[in-house]
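Coordinates in review
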Amino acid sequence: MTAFNKKDFIVMALGNIIGSGIFLASSLVISVAGIWAPFAYLFGGLVMMMEVSFIIEMTIANPVSGSFKAHAQEIFGEWWGFMIGWMFWVSGVLGMAGEVTACAIFLRLWLPSVPLWVCSLAFALGITLLNFNDVKGLSKIELGLAITKVATLVIFVIMGFMVIAGVSIGDASTEFMLFQSLLQAPLEGISGMLGAMLLILFAYTGTGIIGIAAVETEKPEKTVPPAAKFITISVTLLYTLSAFLIISLLPLDLLDEAISPFVQLFTIFKIPYAGDLVNFILLTAGVSALNSQVYSSSRMLFSLAKENQAPQIAKYQNNKGVPIAAVTISGVVLLCGAILSYYLPDKVFVYTVSASGFLALINWMSVSATHYYYRKKLLAESPEKLKYKAPFYPYLSWICFFIIFVSILSTPLYPDQLPGLYSGLLLMLLISIAYLIRNLWILKKDH
C-alpha cells in the first residue's frame, strides 16, 4: 500500500480546506460581519488550529482507519461512533453535491448551450474515476489544482499590499476610512461577527482530512505535526489577509453576495481576461475541493464498513489499497446529488448544503470532547503513545468546544442559516433512527 509523503499530505489537506469558503462566500461573510470579517477569519483560523492539534495527537497515538470517528467511538461508545462516521460521510456527500453543481455553473460560462445536469454528471463521473488512483496518483492530480488556488490567493495578497503601498494597479484604490469606525466604536460590530461565525467555521471545516490522510502518511509522528502547522498557519493568514484586502480595496457599494469579490477585484485591477481567468480559478478550486472530499468521504465509509456499520461491500480494496467500493458508492451518491441539485427547488438544495456545514461543526465539537477524555485515557493506560501533545491541556479542549457551541447558538443572528440548522438536526435524527434499526436487525438475526 502506497503512502503520502509530507508534500502529498500538505497538497491533499490544502486541496480540501481552501475552496468556496473564501472564493465564493467571503462576500457574504463581509456583508454580515462588515469590517469585523478579517477578525472573524482570524478567530476561526485559531479554532481550526486547536481542532487540528487535537486530531493529530489522537491520530499519532492511535493511527486507525477512520481517525477521529474511531477515537470518539472508543471514548463514547458505538452509537456515537456510528453517528460521527455517518455525519461526516453525509456532510461530505452533501458538500460534494454543492461543489459539483458549482463546477458545472462555472463551466457553463464557456459552454452555455450544455445543460447544467450534463456538466454536473460529467464532473461527478470524472472525479469518481480519478479517485480510483492510489494516494500517489491522487496527490499528483491534486498538486496542480491546489497550486492554482493557493497561488491565486498569494498573488491577490501581494497585489493588494502593492496598492496599499502606493503602486497604481488598474482602478484599485484603498478604502481605509472604513476601518476608522472600528477604532472609534470597537464593540459595535460584535453581533455581526458572531452572526458570521458559522459561515467562517464552515470555511475551515475541511480539516477532517488531516486525520484521515495522516493514517496513510509515511512516519506520521514526524511528518504530520510540522506539515499541519504549515497548513493551518498558511490557510489562516491567506483567509484573514484576503478578507482585509477585499474590504480595503473593494467599494462596499460594489459588494454583491452573489458574485465572488475576487472576480470584481481582478476586474478592478484590470487583469487581462479577468472574467475568464477568475472563472477558471474558481472552477479549479471547486474541482480540487471535490476531489479531496471524495477521498475523505470514501475513506470514512471504508472505516464504517470495517466496523460493520456500513454495507460490507464498502470494505473491498484493490491491490493498491484503494477502497474502490467505497469510492464507487460515494460516487454513485454524488451522481444522484448532481441530478437532484438540478431537479430539486433551489431552497431545498441550499438547506441540504448548509446542513453539511452544521454536521461538520458537530463533528468538531465531538473532536474537542473526545480529545479531553482520550488524553486522560492515554496517560492512565499507555503514556508512551503520546508522541505529540496538543498544547494547554485540558483548557483548550473545552474552550474550543464552547466556542463552536456558541457559534451554533449565534445562528439566529443571521436567519438565512436557520434552515441549515434545522436540516442538520433532522439528519442527525435520521442517522440515530438508522442506528436503532441496524441494532434491531442484528438482534433479530442473532435470535
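All of these numbers come straight from a predicted model, not from anything done at the bench.

**Digging into the side chain of Thr240**
As for its placement among the helices and strands, Thr240 is situated in helix H12 (residues 220-249). At 2.7 Å, the side chain of Thr240 and the backbone oxygen of Thr236 are in polar contact. Beyond its immediate stretch of four places on either side in the chain, Thr240 contacts Pro38, Tyr41 and Leu42.

**Some words on the environment of Gly45**
Following the sequence through the fold, Gly45 ends up in helix H4 (residues 37-61). Overall, the relative accessible area of 0% leaves Gly45 in the buried class. When the C-alpha atoms of Gly45 and Val235 are compared, they prove to be 7.6 Å apart, with 190 residues separating the residues in sequence. Other than its neighbours up to four places away in sequence, Gly45 contacts Tyr204 and Thr236.

**A word on the packing of aromatic side chains**
Using the criterion set out here, one finds 21 aromatic pairs in the structure. Ring geometry for Trp86 versus Trp89: centroids 5.4 Å apart, planes at 85°, classification edge-to-face. In this pair, Trp86 and Trp89 both sit in helix H6 (residues 78-107), three residues apart, roughly one turn of the helix. Judged by relative accessible area, which is 10%, Trp89 ranks as buried. Taken together, the ring pairs connect Phe76, Tyr372, Tyr373, Tyr393, Trp398, Phe401 and Phe402 into an aromatic cluster. Above the ring of Tyr393, the side-chain terminus of Arg375 is found at 4.4 Å from the ring centroid.

**Considering the pattern of salt bridges**
Applying the stated criterion across every chain yields a total of three salt bridges. Two residues, Glu57 and Arg375, come together in a salt bridge whose shortest N-O distance is 2.7 Å. Of the two residues, Glu57 is situated in helix H4 and Arg375 in helix H16 (residues 346-381); the sequence distance between them amounts to 318 residues. For Glu57, a relative accessible area of 1% puts it in the buried group.

**Thoughts on a nonpolar patch on the surface**
A cluster of nonpolar residues, Ile190, Leu194, Phe402, Phe405, Val406, Leu409 and Leu413, forms a patch on the protein surface that exposes about 610 Å² of accessible area. Taken together, the elements giving at least two residues each to the nonpolar patch come down to helix H10 (190-204) and helix H17 (395-409). Among the structural elements, Leu194 can be located in helix H10.

**What about helix H14 (residues 274-306)?**
Compared with the 48 Å implied by 1.5 Å per residue over 33 residues, the 48 Å span of H14 between its first and last C-alpha is a close match. Of all 33 residues in H14, 28 are buried; the element is thus mostly enclosed. Two residues or fewer past H14, Asn308 is found with a positive phi of approximately 60°.

**Overview of the packing of H4 against H10**
The geometry of H4 relative to H10 is characterised by a closest axis approach of 9 Å and an angle of 50° between their N-to-C directions. Our classification of the angle between H4 and H10 gives oblique. Regarding H4 and H10, the two cross each other, and that crossing is right-handed. For the pair formed by H4 and H10, the contact residues are Phe39, Ala40, Tyr41, Phe43, Gly44, Gly45, Val47 and Met48 on the first element and Met193, Met197, Ile200, Leu201, Ala203 and Tyr204 on the second. Of the residues in the contact of H4 with H10, the class split is twelve nonpolar, two polar and no charged.

**Description of the packing of helix H5 (residues 68-76) against H6**
For the pair H5 and H6, interaxial distance at closest approach is 7 Å and the crossing angle is 160°. The orientation of H5 relative to H6 falls into the category roughly antiparallel. Note on packing geometry: the crossing formed by H5 with H6 is right-handed. Of H6, the residues touching H5 (which contributes Phe68, Lys69, Ala72, Gln73 and Phe76) are Glu78, Trp80, Gly81, Phe82, Ile84, Gly85 and Phe88. Its residues assigned to classes, the contact of H5 with H6 comprises seven nonpolar, three polar and two charged.

About the criteria used
- Residues numbered from 1 in each chain as written.
- Predicted model: local features only at pLDDT ≥ 70, side-chain atom pairs only at ≥ 80, totals over all residues.
- Heavy atoms only, no water.
- Helix = DSSP H or I, 4+ residues; strand = E, 2+ residues; numbered from the N terminus.
- Polar contact = N/O pair within 3.5 Å; in protein donor to acceptor, adjacent residues only side chain to side chain.
- Contact = heavy atoms within 4.5 Å.
- Buried < 20%, exposed > 50% of the residue type's maximum accessible area, 1.4 Å probe, protein only.
- Phe/Tyr/Trp six-rings, centres within 6.5 Å; stacked < 30°, edge-to-face > 60°.
- Lys NZ or Arg CZ within 6 Å of the ring centre and 35° of its normal.
- Salt bridge = Lys/Arg side-chain N within 4 Å of Asp/Glu carboxyl O.
- Patch = residues over 30% accessible without salt bridge, like charges linked within 9 Å, V, L, I, M, F, W, Y side chains within 5 Å.
- Areas by Shrake-Rupley, 256 points an atom, 1.4 Å probe, with all protein chains shown as cover.
- Expected span 1.5 Å × (residues − 1).
- Axes fitted to C-alpha atoms, helices over the stretch in contact; angles between N-to-C directions.
- Parallel < 35°, antiparallel > 145°, perpendicular 65-115°, else oblique.
- Left-handed = near helix turned anticlockwise from the far one by under 90°.
- Nonpolar A, V, L, I, M, F, W, Y, C, P; charged D, E, K, R; others polar.

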